[in-house]
Amino acid sequence: MPSKALLFLFCIQIFAAITSFCAAQSESSPSAVNASEILGKIERGEPVFYTDKIIEGDISLANLNLDEIRNARNEFSEAEVLSVGLSKNPKVVRSQISLKNCLVKGDLDFSNALIQEPISFLGSTMLERVDFNGSRFNQNANFRVTRFNRSAYFLRSEFNSSADFVWSRFNQSAYFQKSRFNQYSYFRNSRFNQYADFSESRFNQSNDFRKSRFNQYANFVATQFNQSADFRESRFIQSADFIKSRFNQSANFIETQFNQYADFVNSRFDQSADFSESRFNQHADFRWSQFQSDAIFSGTLNFADFNQAKFSGELFLEGSKIDYLSLTRTKFGKIFLRWESIGRLAYDETAYLLLAGNFKGLNFLEDANECYYDYRNDRRDILKGY
């Protein structure tokens, strides 16, 4: 009899434990919120705060009855209005919005919006298209640890306060073309798994791309960095395109790795350009670039092309390993370099003689002799060809 009582008590305890576990699981499972509930709050100007929720449906401002400001974005061209769908009359969003650790299952469309309050998607996952084209953020925009599973559009967007994309993941294309970052922007440890477009964008305050990873083509054509640009320890797995980009303050590419073509043609560096310990595994193209201050390259350069580049400060190549170097019609004052670091110098009589003279000026007499000796051999071989 006592054994039956003990068995009965044991069964009650097991049942209670299972019930408690199921209740805990039920409480911890994210509950669903319909997008219409969020849109209603935005339309009424109420705060939107949700944590650990599943958002069902599209969050789109398109059909909301929101105030518009006429001609607030007159900088948009008619072509942009027609082809991209930008509007010169943005809708005003007065709600503070925070979707923290949420799963957004539908489209998120805040295009052509004037966002007056802080907006945050901290730790959230966007399963579908995200569109902030033509929007203006007047307060902090927080996309830290946000995952974009479809294309993310920020074309012609404007950030008037901090833009935080630290640890964000873009699993499809990310479009920031012609965007303006008027305060600090943070992309540290972000990952771009498809095409990343920052072409013609303007960073008016310091930006932070440290340890970011670009797994496909990275487009920074004609991008302007008005304050310090920090790409330390970043990785460009495919081509990195900085043609006609402008760095008005320091450019920091320390320990950056370029696995494919790195294109800096016609770029301009107004302050120091630091590529210390960086690795260029393919073509490093700096033709027609201008360096107004010191430039440091002390890493590995597979094919370094400085054809017609201009160095107003000193060029530091000491400690670097260069398989092929072109200094054809390059203008430089002083280069800190050892001849043994160069696998091959592209033949150009002026470049050879200037480099030999540079070695003499640094009192690297053995380097000067070896440079001149190789010049004579190359010249003889070329003359034999005629």
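Calculation notes
Residues numbered from 1 in each chain as written. Predicted model: local features only at pLDDT ≥ 70, side-chain atom pairs only at ≥ 80, totals over all residues. Heavy atoms only, no water. Helix = DSSP H or I, 4+ residues; strand = E, 2+ residues; numbered from the N terminus. Rg over C-alpha atoms; globule rule 2.2 N^0.38 Å. Buried < 20%, exposed > 50% of the residue type's maximum accessible area, 1.4 Å probe, protein only. Pairing = 2+ DSSP bridges. Phe/Tyr/Trp six-rings, centres within 6.5 Å; stacked < 30°, edge-to-face > 60°. Lys NZ or Arg CZ within 6 Å of the ring centre and 35° of its normal. Contact = heavy atoms within 4.5 Å. Core = buried A, V, L, I, M, F, W, Y, C linked by side-chain atoms within 4.5 Å.

1. Observations regarding the overall build of the protein chain
Then, number 1: A tally of helices and strands in the protein chain yields five helices and 48 strands.
Then, number 2: Against the globule reference of 21 Å for 386 residues, the protein chain gives a C-alpha radius of gyration of 28 Å, more extended than a compact globule.
Then, number 3: Here the C-alpha coordinates of the protein chain stretch approximately 105 × 75 × 35 Å along the principal axes.
Then, number 4: Residues counted as buried form 46% of the 386 residues belonging to the protein chain.

2. A few points about the sheet that holds strand β46 (residues 331-332)
Where strands meet in a sheet, backbone hydrogen bonds hold them as pairs that are either parallel or antiparallel.
Then, number 1: Taking strand neighbours across the sheet as the criterion, the twelve strands line up as β5-β9-β13-β17-β21-β25-β29-β33-β37-β40-β43-β46 in an open arrangement whose pairing is parallel. Two strands bound the open sheet, and with one partner strand each, they are β5 (91-93) and β46.
Then, number 2: As paired elements, strand β43 (residues 310-311) and β46 share two bridges and run parallel to each other. Counted as the bridge partner of Lys 310 is Lys 331 from β46.

3. Topic: the packing of aromatic side chains
Then, number 1: Evaluated as defined, the whole model comprises 90 aromatic pairs.
Then, number 2: Each ring, one from Phe 181 and one from Phe 203, has its centre 4.6 Å from the other, and the planes form 5°; the classification is stacked. Of this pair, Phe 181 sits in strand β21 (residues 180-181) while Phe 203 sits in strand β25 (residues 202-203); the two residues are 22 residues apart in sequence, bridging distant segments of the chain.
Then, number 3: Residue classification places Phe 181 among the buried residues on the basis of a relative accessible area of 0%.
Then, number 4: Here Arg 129 stacks its cationic end above the ring of Tyr 153, 4.2 Å away from the centre of that ring.

4. Side note on the environment of Arg 344
Then, number 1: Looking at the element boundaries, Arg 344 is found in strand β48 (residues 342-345).
Then, number 2: By relative accessible area, Arg 344 is classed as partly exposed at 45%.
Then, number 3: On a C-alpha basis, the gap between Arg 344 and Arg 380 in space is 16 Å, while along the polypeptide they are 36 residues apart.
Then, number 4: Setting aside anything within four residues of it in sequence, one finds Arg 344 in contact with Asp 323, Tyr 324, Leu 325 and Asp 378.

5. Some remarks on the side chain of Ser 135
Then, number 1: Within the element layout of this structure, Ser 135 appears in the loop between β12 (130-131) and β13 (136-137).
Then, number 2: Residue Ser 135 is classed as buried on the basis of its relative accessible area, which comes to 0%.
Then, number 3: Not counting the four nearest positions on each side in its chain, Ser 135 is found in contact with Arg 73, Phe 110, Ser 111, Asn 112, Ala 113, Arg 156, Ser 157 and Glu 158.

6. Re the pairing of strand β2 (residues 48-51)
Then, number 1: Burial along β2 is one-sided: the residues Val 48 and Tyr 50 are buried and none of Phe 49 and Thr 51 is.
Then, number 2: Note: β2 against strand β6 (residues 97-100), four bridges, orientation parallel. Its bridge partner being in β6, Tyr 50 is matched across the sheet by Leu 99.

7. Quick notes on the environment of Asn 71
Then, number 1: By the secondary structure assignment, Asn 71 is in the loop between β4 (59-60) and α3 (78-83).
Then, number 2: A residue is classified by how much of its surface remains accessible, and Asn 71, at 45% relative accessible area, is partly exposed.
Then, number 3: The spacing of Asn 71 and Thr 300 is 229 residues in sequence and 51 Å in space, taken between C-alpha atoms.
Then, number 4: Sequence-distant contacts of Asn 71, that is, excluding residues within four places in its chain, are made with Lys 88 and Asn 89.

8. Observations regarding helix α2 (residues 35-44)
Then, number 1: Of all the positions in α2, only Ala 35, Ile 38, Leu 39, Gly 40 and Ile 42 are classed as buried.
Then, number 2: In the core, the buried residues of α2 are packed alongside β1 (31-34), β2, β3 (53-56), β4, β5 and β6.
Then, number 3: Immediately beyond the C-terminal end of α2, within one or two residues, lies Gly 45, with a positive phi of roughly 75°.

9. A closer look at the nonpolar core
Then, number 1: With 96 residues, the main nonpolar core has Phe 132 and Phe 297 as its most contacted residues.
Then, number 2: Here this core takes five residues from helix α4 (residues 349-361), the largest share from any one element.
Then, number 3: Setting aside anything within four residues of it in sequence, one finds Phe 132 in contact with Leu 108, Phe 110, Ser 111, Ile 115, Ile 119, Phe 121, Phe 137, Phe 143, Tyr 153, Phe 154, Leu 155 and Ser 157.

10. Quick look at the pairing of strand β42 (residues 300-305)
In regular strands, side chains alternate between the two faces of the sheet.
Then, number 1: With five bridges connecting them, strand β39 (residues 279-285) and β42 associate as parallel partners. The residue of β42 that forms the bridge with Ala 284 is Ala 304.
Then, number 2: In this structure, β42 lies alongside strand β45 (residues 321-326), joined through five bridges in parallel fashion. Within the sheet, the bridge partner assigned to Ala 304 lies in β45 and is Leu 325.

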